[in-house]
Amino acid sequence: MVGRPLIGVSTYLESGARWGVWELEAALLPAGYPRLVQRAGGLAAMLPPDDPAHAAAAVARLDGLVIAGGPDVEPVRYGAEPHPRTGPPARERDAWELALIDAALAEGVPLLGICRGMQLLNVALGGTLVQHLDGHAEVVGVFGSHTVKPVPGTLYGGVVPEETSVPAYHHQAVDRLGAGLVASAYAEDGTVEAVELPSAAGWVLGVQWHPEMGVDVRVMAGLVAAAAGGA
């Protein structure tokens, strides 16, 4: 491959975003995501929600895919009733991102799920979620931090071999693992903090925290290296 690999990042679709004199519907993404892709050596492309039928064509043009953080996955996707603390559904985004994940897995395109993205990867493979978890989003709208311990011998353990403090903001987590997924990092309270798919044709990793809010580029650099054919 010549030049930087193209990394697609899924986005929000918000009805009332404001900037300058405007308040309009907007496809948006916190700037930390494209900046992290760029710092890791990739080119970032935003992938707003679209018809799921177009997901395979979109993924075919990418070298790597990031499913970004965002709203709670609708519980019907994993056969559950909504918990009182589960947020409102984002059905268009759920459908689009599940189709992106399916296409990336089918084509062996390197895939990184971040927070919601990790949870959606688990759901895509038949897993379930804990719908409310205390202690991982202590102040509304403020990222906290906690320690994550890697599992030796895993993909994640090879990328980040030591315990690290990571930026985090979530109230849901993996419950039953999806088919083929293995846990590759844990929080001190036992929460699954990373999952991966050893049987996949490509590089597949999900992390529960938000690397785009920190300074450590190693997780994204692993994706970019795989997208460039280096892993």
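Going by the structure above, here's the rest.
Residues numbered from 1 in each chain as written. Predicted model: local features only at pLDDT ≥ 70, side-chain atom pairs only at ≥ 80, totals over all residues. Heavy atoms only, no water.

Caption draft 1: Local environment of the overall build of the chain. Scanning the chain from N- to C-terminus turns up six helices and 13 strands. What you see for the chain is a C-alpha radius of gyration of 16 Å, in line with the 17 Å of a compact globule of 231 residues. Summarising its shape, the C-alpha atoms of the chain cover approximately 40 × 40 × 35 Å along the three principal directions. Counting the 231 residues in the chain, one finds 49% classified as buried. Of the contacts made within the chain by residues no fewer than 6 positions apart, 68% connect residues no fewer than 24 positions apart. When the accessible surface of the chain is totalled, it reaches about 10,600 Å², and 55% of it is carbon and sulfur. For the chain, the distance from the average position of its 13 positive side-chain charges to the average position of its 25 negative side-chain charges is 4 Å. (Helix = DSSP H or I, 4+ residues; strand = E, 2+ residues; numbered from the N terminus. Rg over C-alpha atoms; globule rule 2.2 N^0.38 Å. Buried < 20%, exposed > 50% of the residue type's maximum accessible area, 1.4 Å probe, protein only. Contact = heavy atoms within 4.5 Å. Areas by Shrake-Rupley, 256 points an atom, 1.4 Å probe, with all protein chains shown as cover. Lys, Arg positive; Asp, Glu negative; His and termini not counted. Charge placed at Lys NZ, Arg CZ, Asp CG, Glu CD.)

Caption draft 2: Molecular detail of unusual backbone geometry. For Cys115, which is not glycine, the phi torsion reads 55° and is therefore positive. The topology assignment puts Cys115 in the loop between strand E6 (111-114) and helix H4 (116-124).

Caption draft 3: Here's a closer look at the environment of Ile114. Following the sequence through the fold, Ile114 ends up in strand E6. Accessibility expressed as a relative area gives 0% for Ile114, which makes it buried. Spatially, the C-alpha atom of Ile114 lies 18 Å from that of Ala27, the residues being 87 residues apart in sequence. Apart from the residues lying within four places of it in its own chain, the contact partners of Ile114 are Tyr33, Val66, Ile67, Ala68, Gly69, Val207, Trp209, His210, Pro211 and Glu212.

Caption draft 4: Spatial organisation of the packing of helix H3 (residues 91-107) against H4. Remark: H3 packs on H4, axes separated minimally by 10 Å, with the N-to-C direction vectors making an angle of 70°. When the axis of H3 is compared with that of H4, the two are roughly perpendicular. Where H3 crosses over H4, the handedness of that crossing is right-handed. Residues Arg93, Asp94, Glu97, Leu98, Ile101, Asp102 and Leu105 of H3 lie in contact with H4, whose contacting residues are Arg116, Leu120, Leu121 and Ala124. Class assignment of the residues belonging to the contact of H3 with H4 gives a composition of six nonpolar, no polar and five charged. (Axes fitted to C-alpha atoms, helices over the stretch in contact; angles between N-to-C directions. Parallel < 35°, antiparallel > 145°, perpendicular 65-115°, else oblique. Left-handed = near helix turned anticlockwise from the far one by under 90°. Nonpolar A, V, L, I, M, F, W, Y, C, P; charged D, E, K, R; others polar.)

Caption draft 5: Representation of the sheet that holds strand E1 (residues 6-10) in the model. Sheet architecture is open: nine strands sit in the order E4-E1-E5-E6-E13-E12-E11-E8-E9, paired in mixed fashion. At either end of the open sheet lies a strand with only one pairing partner, and these are strand E4 (43-47) and strand E9 (164-168). Averaged over all pairs of adjacent strands, the angle between strand axes in this sheet comes to 25°, irrespective of strand direction. Running over the sheet, H4 touches strand E5 (64-67), E6, strand E12 (192-196) and strand E13 (204-207) and is turned about 115° from E6. (Pairing = 2+ DSSP bridges.)

Caption draft 6: Region of the structure containing the pattern of salt bridges. Under the definition given, this model contains seven salt bridges. The salt bridge partner of Asp216 is Arg218, with a shortest N-O separation of 2.8 Å. On the basis of relative accessibility, which here comes to 33%, the residue Asp216 falls in the partly exposed class. For Arg218, a relative accessible area of 28% gives the class partly exposed. (Salt bridge = Lys/Arg side-chain N within 4 Å of Asp/Glu carboxyl O.)

Caption draft 7: Local environment of the layout of surface pockets. Considering only enclosed or pocket space, the largest pocket measures out at about 400 Å³ in volume. Lining the largest pocket are 21 residues, with Tyr12, Gly69, Gly70, Pro71 and Tyr169 sitting closest to its centre. Its residues placed into classes, the lining of the largest pocket shows ten nonpolar, eight polar and three charged. (1 Å grid on protein atoms, 1.4 Å probe; cavity = no way out; pocket = protein on both sides within 12 Å on 5 of 7 lines; lining within 4 Å. Points joined across faces, edges and corners; volume = space filled by probe spheres on them.)

Caption draft 8: Up close: the pairing of strand E2 (residues 12-19). Both E2 and strand E3 (residues 22-28) contribute to a ladder of six bridges, which runs antiparallel. When the bridges of E3 are listed, Tyr12 appears paired with Leu28. Hairpin geometry of E2 and E3 is characterised by an intervening segment of two residues between the two adjacent antiparallel strands and by a positive phi of about 55° at Gly20.

Distances and angles like these do not, on their own, reveal function.
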